[in-house]
Protein chains: 4
Amino acid sequence: MPKKICLAYSGGLDTSVALTWLAETYRCPVVCFVGDVGQGAGELRGIEEKALASGAAEVHVADLRKAFVTDYLWPMLRAGAVYEGRYLLGTSIARPCLGKAQVEAALERGADALAHGCTGKGNDQVRFERAYAALAPDLEVIAPWRIWDLRSREDLLAYAAKRRIPVEASAEKIYSRDRNLWHISHEGGALEDPANAPPEEVWVLTRSAKEAPDEPASVEIGFEAGSPVSLDGRRRDAVSLLEELNVRAGEHGVGRVDLVENRLVGIKSRGCYETPGGTVLAEAHRALEELVLDRDTRHAKDSLAQRYAEVVYDGAWFTPLREALDAFVKKTQERVTGSVRVRLFKGSATAVERRSPFTLHAPAFATFGADAVYDQRHAEGFIRLLSLPARIAAKGPSPAPEAPPELRARSRRAPVPF
Amino acid sequence: MPKKICLAYSGGLDTSVALTWLAETYRCPVVCFVGDVGQGAGELRGIEEKALASGAAEVHVADLRKAFVTDYLWPMLRAGAVYEGRYLLGTSIARPCLGKAQVEAALERGADALAHGCTGKGNDQVRFERAYAALAPDLEVIAPWRIWDLRSREDLLAYAAKRRIPVEASAEKIYSRDRNLWHISHEGGALEDPANAPPEEVWVLTRSAKEAPDEPASVEIGFEAGSPVSLDGRRRDAVSLLEELNVRAGEHGVGRVDLVENRLVGIKSRGCYETPGGTVLAEAHRALEELVLDRDTRHAKDSLAQRYAEVVYDGAWFTPLREALDAFVKKTQERVTGSVRVRLFKGSATAVERRSPFTLHAPAFATFGADAVYDQRHAEGFIRLLSLPARIAAKGPSPAPEAPPELRARSRRAPVPF
Amino acid sequence: MPKKICLAYSGGLDTSVALTWLAETYRCPVVCFVGDVGQGAGELRGIEEKALASGAAEVHVADLRKAFVTDYLWPMLRAGAVYEGRYLLGTSIARPCLGKAQVEAALERGADALAHGCTGKGNDQVRFERAYAALAPDLEVIAPWRIWDLRSREDLLAYAAKRRIPVEASAEKIYSRDRNLWHISHEGGALEDPANAPPEEVWVLTRSAKEAPDEPASVEIGFEAGSPVSLDGRRRDAVSLLEELNVRAGEHGVGRVDLVENRLVGIKSRGCYETPGGTVLAEAHRALEELVLDRDTRHAKDSLAQRYAEVVYDGAWFTPLREALDAFVKKTQERVTGSVRVRLFKGSATAVERRSPFTLHAPAFATFGADAVYDQRHAEGFIRLLSLPARIAAKGPSPAPEAPPELRARSRRAPVPF
Amino acid sequence: MPKKICLAYSGGLDTSVALTWLAETYRCPVVCFVGDVGQGAGELRGIEEKALASGAAEVHVADLRKAFVTDYLWPMLRAGAVYEGRYLLGTSIARPCLGKAQVEAALERGADALAHGCTGKGNDQVRFERAYAALAPDLEVIAPWRIWDLRSREDLLAYAAKRRIPVEASAEKIYSRDRNLWHISHEGGALEDPANAPPEEVWVLTRSAKEAPDEPASVEIGFEAGSPVSLDGRRRDAVSLLEELNVRAGEHGVGRVDLVENRLVGIKSRGCYETPGGTVLAEAHRALEELVLDRDTRHAKDSLAQRYAEVVYDGAWFTPLREALDAFVKKTQERVTGSVRVRLFKGSATAVERRSPFTLHAPAFATFGADAVYDQRHAEGFIRLLSLPARIAAKGPSPAPEAPPELRARSRRAPVPF
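Conventions adopted
Throughout, a residue's number is its position along its own chain's written sequence, starting from 1. Throughout, the order in which chains and ligands are written sets their labels, letters from A for the former and numbers from 1 for the latter. Thresholds applied to this predicted model are a pLDDT of at least 70 for local features of residues and 80 or more for the giving and counting of side-chain atom pairs; totals over whole chains, interfaces and linings are not thresholded and use all residues. The side-chain values count all of the structure's non-hydrogen atoms but skip hydrogen atoms and water molecules. In superposing the copies, a least-squares fit is computed on C-alpha atoms, taking residues whose pLDDT is at least 70 in both. The contact criterion used throughout is that any non-hydrogen atoms of two residues lie within 4.5 Å. Buried area: the sum, over both parts, of the accessible surface (1.4 Å probe) that disappears when the two are put together. Salt bridge, as used here: a side-chain nitrogen of Lys or Arg that lies within 4 Å of a carboxyl oxygen of Asp or Glu. In this text, helices come from DSSP runs of H or I with a minimum length of four residues, and strands from runs of E with a minimum of two, each type numbered from the N-terminal end. Polar contacts, as counted here, are pairs of nitrogen or oxygen atoms within 3.5 Å of one another; within protein the pair requires one atom able to donate a hydrogen and one able to accept it, and residues that are adjacent in sequence qualify only if both atoms are side-chain atoms. Residue classes follow a fixed rule: Ala, Val, Leu, Ile, Met, Phe, Trp, Tyr, Cys and Pro count as nonpolar, while Asp, Glu, Lys and Arg count as charged, and any other residue, Gly among them, counts as polar. Relative accessible area decides the class of each residue, using a 1.4 Å probe on protein chains only: under 20% of the type maximum gives buried, over 50% gives exposed, and in between gives partly exposed. Angles here are taken between N-to-C directions and fall from 0 to 180 degrees, while the axes themselves are lines fitted to C-alpha atoms, restricted in helices to the stretch in contact. Here the word oblique covers every angle except those under 35 degrees (roughly parallel), over 145 (roughly antiparallel) and from 65 to 115 (roughly perpendicular). Here is the rule for handedness: rotate from the far helix to the near one, and if that takes an anticlockwise turn smaller than a right angle the crossing is left-handed, while a clockwise turn gives right-handed. Pairing between two strands is assigned when DSSP locates at least 2 bridges connecting them. What fixes the domain bounds is an automatic or database domain assignment. A helix is expected to reach a length of 1.5 Å times the quantity of its residues less one. Values of pLDDT, ranging from 0 to 100, describe the predictor's confidence in every residue of the model.

Section: the relation of the copies chain D and chain C
Now for step 1: Mapping chain D onto chain C calls for a screw motion: a turn of 180 degrees about the axis and a shift of 0.0 Å along it, with 0.0 Å RMSD after fitting. Those values place the two copies in the arrangement expected of a two-fold rotation axis.
Now for step 2: The share of interface residues of chain D whose copies in chain C are also at the interface is 99%, consistent with both copies meeting through the same surface.

Listed below in structure tokens is the structure:
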């Protein structure tokens with residue numbers, strides 16, 4: 001039996017019920033860990049009081065925003081990770097950041113168990129618990145959703161009402177949401193059927209393309225070694241850069257995604273995501289890489305980007321593979337420095353201008369005329385050798401070579417050649 | 001010396017000059033091969049007369065539109081091939097189709113040499129000549145641009161003027177363009193500097209998002225085994241389906257791409273592409289696959305899609321690798337049947353509704369409640385085993401096992417264990 | 001509660017105890033399914049009587065040898081699948097074959113539950129149950145090792161003694177073994193410590209290299225479309241071909257592997273494997289492919305072979321991904337026809353002669369002299385273009401192009417470029 | 001016209017003739033660069049005198065052995081690079097090492113051109129010239145074999161005789177060989193036909209397995225962070241470690257490979273290689289990694305190892321991709337520390353004992369019994385979720401979810417959903 005439990009607490013219905021349930025069930029003090037990864041001011045206001053009112057013994061609030069952006073979001077951005085071609089991994093990437101800080105809080109406060117409020121059908125339980133396993137393999141893990149008999153939102157509300165747990169939620173809430181500095185996700189309700197277009201009411205951070213301004217805007221993003229460092233020429237700290245970009249891109253309806261994805265736990269789910277600033281950054285970053293990365297590096301990195309996305313999605317952040325992938329990526333980013341102007345208009349973010357001191361794009365070479373490095377006649381040899389296997393195959397099987405007969409004889413003398 | 005040359009002829013400046021130059025240089029009849037892959041009616045009108053006026057001995061016009069769509073575009077669409085994350089390969093994919101038909105025409109007309117008008121710095125020469133090598137390894141290949149002394153558009157115009165070759169081009173033409181049923185490409189002029197946004201005058205098939213209708217439209221695309229078969233519920237032949245989609249998507253500004261790409265021949269170039277219908281089809285196809293493909297197949301297919309795109313871009317169509325990739329893809333498409341509604345608005349094409357009789361998305365399974373196939377408690381075991389390597393590593397090196405001493409001894413008896 | 005259970009039965013200690021335990025625990029008839037995949041005559045002799053004596057209600061024996069070789073082993077051989085660079089997957093590949101036949105027997109006999117005797121720490125439980133899930137998703141699955149309180153070999157022996165279950169095993173058995181037509185595996189005992197060399201007594205199918213004949217032997221294997229069809233020029237059915245090869249290769253000590261592998265369930269284990277005939281076939285098959293596959297196909301296939309091996313190891317045989325991989329492989333094998341002579345000597349199998357009517361090896365082209373398809377001067381162009389990105393990068397950033405000023409101006413006129 | 005040429009000189013027939021030919025043809029001083037990568041004492045003795053006698057203006061001899069082993073061989077060994085499943089890349093990996101030192105010598109001595117004696121059909125010309133392009137893009141490159149009219153060994157001998165160039169070669173030399181600290185390669189003669197087993201006379205560094213000692217020997221290799229540091233427990237410098245291992249392994253016939261490989265230039269060639277020490281190191285390194293690398297890292301690294309091998313084979317050493325791959329590999333090697341005992345016998349090198357302080361192999365976990373980290377019941381959940389997609393697919397399409405009708409209605413109200 002645990003003696004002190006550290007719960008990842010958000011103040012929402014699930015973790016409020018979990019808090020009370022843990023204290024009742026294990027009859028031991030519960031430390032509420034609250035990690036601020038940019039859920040929004042409203043979400044965190046008064047959270048300490050709320051936790052204490054729901055039965056917390058202690059509350060530990062950590063501002064993780066800077067770490068979240070620079071240690072998790074920027075590496076993922078540099079890697080070009082996009083899950084199943086669309087999802088910018090906003091929920092996934094927050095989990096290791098939160099899990100790590102929760103473990104630190106637990107150890108600091110002397111807890112011997114870790115708990116979270118994730119359901120038993122989602123990815124997040126996996127991500128939290130993989131972080132726990134890697135960072136604190138000896139702490140017990142408690143996942144109330146996999147233990148208790150509560151089976152639905154209604155059950156939780158009934159439980160909360162009975163214990164007088166202060167919850168704002170009502171039975172009418174339709175969508176399940178998760179928000180941080182990078183994105184907000186939406187699941188449930190009418191979204192459950194992929195034959196339903198997302199109702200407009202789903203979206204939170206972005207205006208509808210229809211309602212967005214009729215004039216385009218643009219933003220210029222500066223990068224150093226693959227990380228964003230400036231907006232419109234002004235150097236910015238990472239958090240405020242992303243916050244401002246979220247506002248500006250959201251205004252133009254940028255960053256909506258509507259996806260049927262394959263969860264790690266073997267089922268498909270439909271998710272709608274808003275990643276306004278992140279969408280702009282991903283577009284700008286790729287556009288800049290187009291100037292700087294050579295073909296072989298580009299193609300190899302694209303291939304690893306898929307793997308990187310799976311690593312993030314699957315919660316395998318604290319693993320040797322993620323570290324090795326990061327080492328690869330970091331090396332490729334050394335010259336990803338420059339600036340990209342992105343146009344924002346009616347739901348689209350489009351890189352329209354790009355500059356880099358390290359560009360390999362040399363128009364002088366790309367055009368028709370003669371130049372110092374490229375003789376058009378070289379192309380003939382290039383093509384001949386490239387197509388040689390096809391040519392040989394098309395010509396059909398070749399005759400056996402005329403090896404000197406004495407050599408042929410020699411190699412056959414022994415009953416078994418050696 | 002060739003006795004009869006078959007030239008891939010488009011009627012433009014380059015191939016018009018090439019035609020005259022070939023006849024003059026090799027003093028033999030030149031057959032002009034014209035393949036219709038949907039360049040547009042204007043491009044092909046009067047092309048026979050023009051060829052004969054420029055010195056052709058014979059003209060061979062082939063309508064390749066249906067073959068182009070069903071034998072080249074649909075397989076590529078099913079594969080999900082996108083070069084360097086953006087380019088839908090419109091120019092690349094036309095080359096093997098044209099090259100194959102040209103070879104057939106050459107053999108039929110008794111030519112012993114093949115010629116094309118591609119420059120020595122581009123990808124197209126590679127694509128044409130790889131097709132020639134695979135399909136007609138014994139025919140000679142003549143690439144005038146790599147032989148003659150003409151070095152620029154001005155040189156060509158001067159040559160044409162001197163020989164009275166009928167060309168419409170003037171010295172003021174700014175962009176180099178290539179068009180077919182799938183797309184149109186633009187290079188050159190102000191586009192040469194990636195720091196320049198593409199001027200509006202560049203675009204041909206699509207309206208500017210700004211000028212596009214203020215009301216969204218939508219189109220519903222039906223697929224069978226991964227290939228498009230209907231529009232808005234009406235069965236359509238492949239060519240007219242694509243043609244109509246181009247018009248409808250272009251009207252809404254859909255399908256513009258602006259890319260700095262890595263050419264096969266080792267240089268970077270900036271290209272602007274319009275693929276209106278193709279962009280809608282790619283969006284719809286992927287959205288449908290999201291319902292039907294399981295996770296492992298999805299991820300493996302995405303990885304091969306990159307390779308497929310390189311194969312197409314590099315002109316390696318007539319190779320065993322492309323055939324093997326197609327066999328893989330075909331197997332994955334057996335259940336990619338259903339329909340997707342795509343919204344067109346201000347430059348965006350977004351899948352908003354999707355249905356398939358083979359969907360693996362089972363909302364009943366994805367939601368919170370209990371169900372027949374998923375017990376939330378299963379998740380614990382799943383996570384424990386998934387995180388086991390991290391847990392073992394975090395716990396540190398394990399003690400040597402207590403193997404029975406007599407066994408340990410036995411294995412050491414010989415000086416070298418066997 | 002199940003009404004009739006179909007147990008995968010081998011007659012060994014684990015499944016004998018499981019049989020009795022199932023009948024006792026669920027108080028329902030148990031059908032023993034015995035699949036012959038070449039465990040060896042001794043293993044199967046009297047197995048029916050034994051099953052009945054241990055409480056089976058029915059016994060169903062199926063000869064799966066031919067199907068095992070042609071439908072499972074040959075496809076895997078053609079794919080070139082080797083797990084973690086060493087393991088030829090002998091145990092893994094038998095599981096889907098057995099699982100499928102067990103499901104068929106269960107359905108035929110009206111069972112509503114499937115059971116197996118695999119332990120809860122191994123890979124085999126996963127492989128059996130993935131086959132069950134894909135082929136009979138509605139049958140219940142019972143895995144006694146994950147349910148009962150027996151925890152060790154000693155517990156099982158005590159249980160068997162108490163119930164008078166006829167078992168041959170004694171407490172002294174050291175190694176856990178699994179045998180079929182392809183291989184035999186060994187685990188446990190002194191092998192548990194990777195610092196121990198495998199004692200000679202471990203090995204069953206192969207002679208020690210030291211004791212093997214001092215004269216080499218050889219065998220010539222004929223292939224058609226990637227599958228073995230003959231030995232020393234004589235056509236053979238698949239089963240007898242493999243059986244004879246096992247004897248001949250085993251005599252020369254061929255096919256031993258000693259590996260620390262990563263199990264699917266997250267732990268490492270040390271396994272020793274003997275795959276005498278399979279090792280010879282893998283060597284010969286690859287040697288033949290070297291003549292026939294072009295470079296791009298070779299490299300792509302090698303990459304997929306890893307994935308294929310994971311699919312087999314992980315028990316994902318009855319999945320769309322395996323089918324798609326097989327389609328890829330099959331296409332590559334169309335010309336893998338020919339013969340290879342393999343020398344067997346003191347533990348090594350080495351391809352020494354290879355012939356194919358489809359060989360792409362054309363010594364006439366590979367040698368120094370001039371030839372019809374290769375002009376040495378072509379190499380210059382090839383190298384120049386191949387090294388062009390490096391050359392451009394080494395020369396440093398290129399100056400901005402001299403675009404006509406009016407174009408540069410034009411693209412800047414609007415506050416946001418469009 | 002070059003003013004001073006720096007030639008990669010080996011003292012063999014090709015470069016001796018090239019030396020004289022260059023001086024005659026370009027009428028300028030030729031600096032002979034000789035890089036010692038362990039060709040063997042005999043090869044380099046008197047090489048300065050020979051060069052001067054053949055017309056060299058200067059001779060520059062560089063001892064590259066230590067750099068070759070630690071900066072090229074060890075990284076490649078750590079990466080696990082093996083070309084086409086067999087070739088340990090001995091010739092390939094020496095080229096960038098030699099090319100870099102040659103460029104340094106050229107710049108130091110004021111040369112403005114680089115030359116080599118590689119033929120126009122091989123890989124080595126590509127490897128040398130890619131190094132030149134990356135390191136000295138402004139120096140001219142001269143490849144005599146692609147320029148002169150000499151077409152065969154006989155032509156060279158005649159040329160040498162006429163100019164009285166001191167060459168030891170006779171017209172009877174059969175095999176073309178390349179040797180360094182890592183390996184020796186053999187091509188030509190009877191080897192040109194893959195239907196010929198390699199005659200025993202081919203081999204130089206290794207005894208025949210038949211003639212090898214009848215008693216096995218063994219060697220224990222110590223690694224730190226993936227690099228070999230000791231033999232039989234004694235710390236050794238890299239060069240002497242490899243030299244001794246070559247002798248000991250060669251004595252037992254270890255390291256022979258006979259391969260039909262795909263050259264970069266589009267043709268197949270048959271090569272025989274001897275890599276005695278390297279074969280032992282590769283076996284030992286992999287065996288040690290088996291203890292230390294987790295499954296995901298192992299599989300990702302194996303996949304990149306193929307790419308790494310292509311990079312080395314293709315001469316793409318001085319590229320961003322190789323650097324990025326090295327960064328990945330380096331990260332994975334941090335814990336590849338420990339020792340492995342390898343048995344040498346009759347042509348085989350087999351890891352028989354392995355130890356590492358960082359082993360993740362925990363026999364306590366792998367065996368049957370209960371333990372602290374693994375509850376057998378966890379396996380059920382693991383398997384259920386792993387097989388969930390197959391189960392859902394097998395159950396067939398799922399019914400549409402019962403979304404609340406008002407939501408379904410809402411999303412359809414507008415003619416186009418937004």
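Next, the rest of the story.
Digging into the interface of chain C and chain B
Now for step 1: The interface of chain C with chain B comprises 46 residues on the first partner and 46 residues on the second.
Now for step 2: For the chain C and chain B pair, buried surface summed over both sides reaches about 3,800 Å², with 65% attributable to carbon and sulfur atoms.
Now for step 3: At the junction of chain C with chain B, the criterion picks out one salt bridge.
Now for step 4: A salt bridge links aspartate 296 of chain C to arginine 307 of chain B; its shortest N-O distance comes to 4.0 Å.
Now for step 5: The set of elements that each furnish at least two residues to the side of chain C that touches chain B consists of α10 (295-313), α11 (320-332), α14 (388-395) and α15 (405-410) of chain C.
Now for step 6: No other element matches α11 of chain C, which puts nine residues into the side of chain C that touches chain B.

A short note on the interface of chain D and chain C
Now for step 1: Across the contact, 89 residues belong to chain D and 88 residues belong to chain C.
Now for step 2: Where glutamate 290 of chain C meets arginine 86 of chain D, a salt bridge forms, and the shortest distance between an N and an O atom there is 2.8 Å.
Now for step 3: The interface formed by chain D and chain C includes 35 residue pairs in polar contact (both at pLDDT 80 or more).
Now for step 4: Broken down by element, the side of chain D that touches chain C gets its largest block of residues, eight residues, from helix α10 (residues 295-313) of chain D.
Now for step 5: Of the residues in the side of chain D that touches chain C, the class split is 39 nonpolar, 16 polar and 34 charged.

Quick look at the relation of the copies chain C and chain B
Now for step 1: Overlay of chain C on chain B (RMSD 0.0 Å): rotation 180 degrees, translation along the axis 0.0 Å.
Now for step 2: Of the interface residues in chain C, 100% have counterparts in chain B that sit at the interface too, so the contact is made through matching surfaces.

Section: the environment of tryptophan 148 of chain D
Residue and element names in this part refer to chain D.
Now for step 1: Position of tryptophan 148 among the secondary structure elements: in the loop between β5 (140-142) and α7 (153-163).
Now for step 2: Since its relative accessible area comes to 3%, tryptophan 148 is described here as buried.
Now for step 3: As for tryptophan 148 and glycine 255, which are separated by 107 residues in sequence, their C-alpha atoms are 37 Å apart.
Now for step 4: For tryptophan 148, the residues in contact, after removing those within four places along its chain, are Asp14, Val17, Ala18, Trp21 and Leu156.
Now for step 5: Looking at tryptophan 148, its side chain comes within polar contact range of the main-chain oxygen of leucine 150, at 3.3 Å.

Details of the environment of valine 336 of chain C
All names here are of chain C.
Now for step 1: Relative to the assigned elements, valine 336 resides in the loop between α11 and β13 (338-345).
Now for step 2: Spatially, the C-alpha atom of valine 336 lies 43 Å from that of isoleucine 142, the residues being 194 residues apart in sequence.
Now for step 3: Excluding residues that lie within four positions of it along the chain, valine 336 makes contacts with Phe223, Glu224, Ala225, Gly226, His285, Leu288, Glu289, Val292 and Leu293.

Notes on the pattern of salt bridges
Residue and element names in this part refer to chain D.
Now for step 1: Considering all chains together, one arrives at 147 salt bridges over all chains under this definition.
Now for step 2: In this structure, glutamate 24 and arginine 163 form a salt bridge, with 2.9 Å as the shortest nitrogen-oxygen distance. With glutamate 24 in helix α1 (residues 13-26) and arginine 163 in helix α7, this residue pair connects regions lying 139 residues apart in the sequence.
Now for step 3: In this structure glutamate 24 comes out as partly exposed when scored by relative accessible area, which is 36%.
Now for step 4: According to the relative accessible area criterion, arginine 163 is partly exposed, its value standing at 31%.
Now for step 5: Notably, a salt bridge pairs glutamate 334 with lysine 331, separated by 3.2 Å at the nearest N-O pair.
Now for step 6: Among the residues examined, lysine 331 registers a relative accessible area of 29% and is labelled partly exposed.

Things to note about the packing of helix α5 (residues 90-108) of chain D against helix α6 (residues 124-135) of chain D
All names here are of chain D.
Now for step 1: Orientation of α5 relative to α6, taken along the N-to-C sense of each, is 40 degrees, at an axis distance of 9 Å. As summarised for this structure, α5 and α6 are arranged oblique, according to the angle between their axes. With respect to the hand of their crossing, α5 and α6 are arranged in right-handed fashion. On the side of α5, the interface is formed by Thr91, Ser92, Arg95, Leu98, Gly99, Lys100, Gln102 and Val103, while α6 contributes Asp124, Arg127, Phe128, Ala131, Tyr132 and Leu135.
Now for step 2: The class makeup of the residues in the contact of α5 with α6 is six nonpolar, four polar and four charged.

Some thoughts on the pairing of strand β11 (residues 256-262) of chain B
All names here are of chain B.
Now for step 1: With six of seven residues buried, β11 lies mostly within the body of the structure.
Now for step 2: Of the strand pairs in this sheet, β11 and strand β12 (residues 268-274) are connected by seven bridges, and their pairing is antiparallel. Directly across from arginine 256, in β12, lies its bridge partner glutamate 274.
Now for step 3: Connecting the antiparallel pair β11 and β12 is a turn made up of five residues, with glycine 266 showing a positive phi of about 95 degrees.

What about the environment of histidine 299 of chain D?
Now for step 1: Counting through the fold element by element, histidine 299 of chain D comes out in helix α10.
Now for step 2: When the C-alpha atoms of histidine 299 of chain D and leucine 139 of chain D are compared, they prove to be 42 Å apart, with 160 residues separating the residues in sequence.
Now for step 3: Among the polar contacts made by the side chain of histidine 299 of chain D, one reaches the side chain of glutamate 84 of chain C at a distance of 2.8 Å.

Let's talk about the domain arrangement of chain A
All names here are of chain A.
Now for step 1: Domain annotation for chain A reports domain 1 (5-176) and domain 2 (184-293 + 335-364).
Now for step 2: Computed from C-alpha coordinates alone, the two centres of domain 1 and domain 2 are separated by 27 Å.
Now for step 3: Taken together, the 22 residues of domain 1 in the interface contact 37 residues of domain 2.
Now for step 4: Buried area between domain 1 and domain 2, summed over both chains or domains, comes out near 2,300 Å², and the portion from carbon and sulfur atoms is 63%.

A few points about the sheet that holds strand β4 (residues 113-115) of chain B
Residues and elements named next belong to chain B.
Now for step 1: If you trace the five strands from one edge of the open sheet to the other, you get β3-β2-β1-β4-β5, paired in parallel fashion. Single-partner strands in this sheet number two, and they are β3 (58-63) and β5 (140-142). Taken over all neighbouring pairs, the strand axes of this sheet differ in orientation by 25 degrees on average, direction set aside.
Now for step 2: With six bridges connecting them, strand β2 (residues 30-36) and β3 associate as parallel partners. In the sheet register, valine 34 faces β3, and the bridge partner there is valine 61.
Now for step 3: Here helix α1 (residues 13-26) sits on the sheet in contact with β1 (5-8), β2, β4 and β5, set at roughly 165 degrees to β1.
Now for step 4: Set on the sheet, helix α5 (residues 90-109) makes contact with β1, β2, β3 and β4; between it and β2 the angle comes to about 145 degrees.

Details of α1 of chain D
All names here are of chain D.
Now for step 1: Taking 1.5 Å as the rise per residue, α1 with 14 residues should run 20 Å; its terminal C-alpha atoms sit 20 Å apart, in good agreement.
Now for step 2: Most of α1 sits inside the fold, with ten of its 14 residues counted as buried.
Now for step 3: Residues of α1 that are buried include every one of Leu13, Thr15, Ser16, Val17, Ala18, Leu19, Thr20, Trp21, Leu22 and Tyr26, and no others.
Now for step 4: Elements in contact with the buried residues of α1: β1 (5-8), β2 (30-36), α3 (47-53), β4 (113-115), β5 and α7.
Now for step 5: Within two residues after α1, arginine 27 carries a phi angle of roughly 45 degrees, on the positive side.

So, the pairing of strand β14 (residues 348-355) of chain B
The side chains of a regular strand alternate, residue by residue, between the two faces of the sheet.
All names here are of chain B.
Now for step 1: For β14, the buried fraction is high: six of the eight residues fall into the buried class.
Now for step 2: Bridge count for strand β13 (residues 338-345) against β14 is seven bridges, and the pairing is antiparallel. Each residue of the ladder has a partner; that of leucine 344, found in β14, is alanine 349.
Now for step 3: Between β13 and β14, which follow one another and run antiparallel, lie two residues, and lysine 346 among them has a positive phi close to 50 degrees.

Here's the deal with the sheet that holds strand β8 (residues 217-224) of chain C
Residue and element names in this part refer to chain C.
Now for step 1: Within the open sheet, the five strands sit side by side as β10-β9-β8-β13-β14. Their pairing is antiparallel. Looking at the sheet topology across the chains shown, the edges are occupied by β10 (234-235) and β14 (348-355).
Now for step 2: The sheet strands contacting helix α9 (residues 276-292) are β8, β9 (227-231), β13 and β14, and the helix crosses β14 at an angle near 35 degrees.

Quick look at the confidence of the model for chain A
Residues and elements named next belong to chain A.
Now for step 1: Per-residue pLDDT for chain A averages 91, and the proportion of residues at 70 or more is 91%.
Now for step 2: Below a pLDDT of 50 lies the segment residues 399-415, which in the model reaches 21 contacts outside its immediate sequence neighbourhood of four places, other chains included.
Now for step 3: Among the prediction metrics, the complex's ipTM stands at 0.93, with pTM recorded as 0.94.

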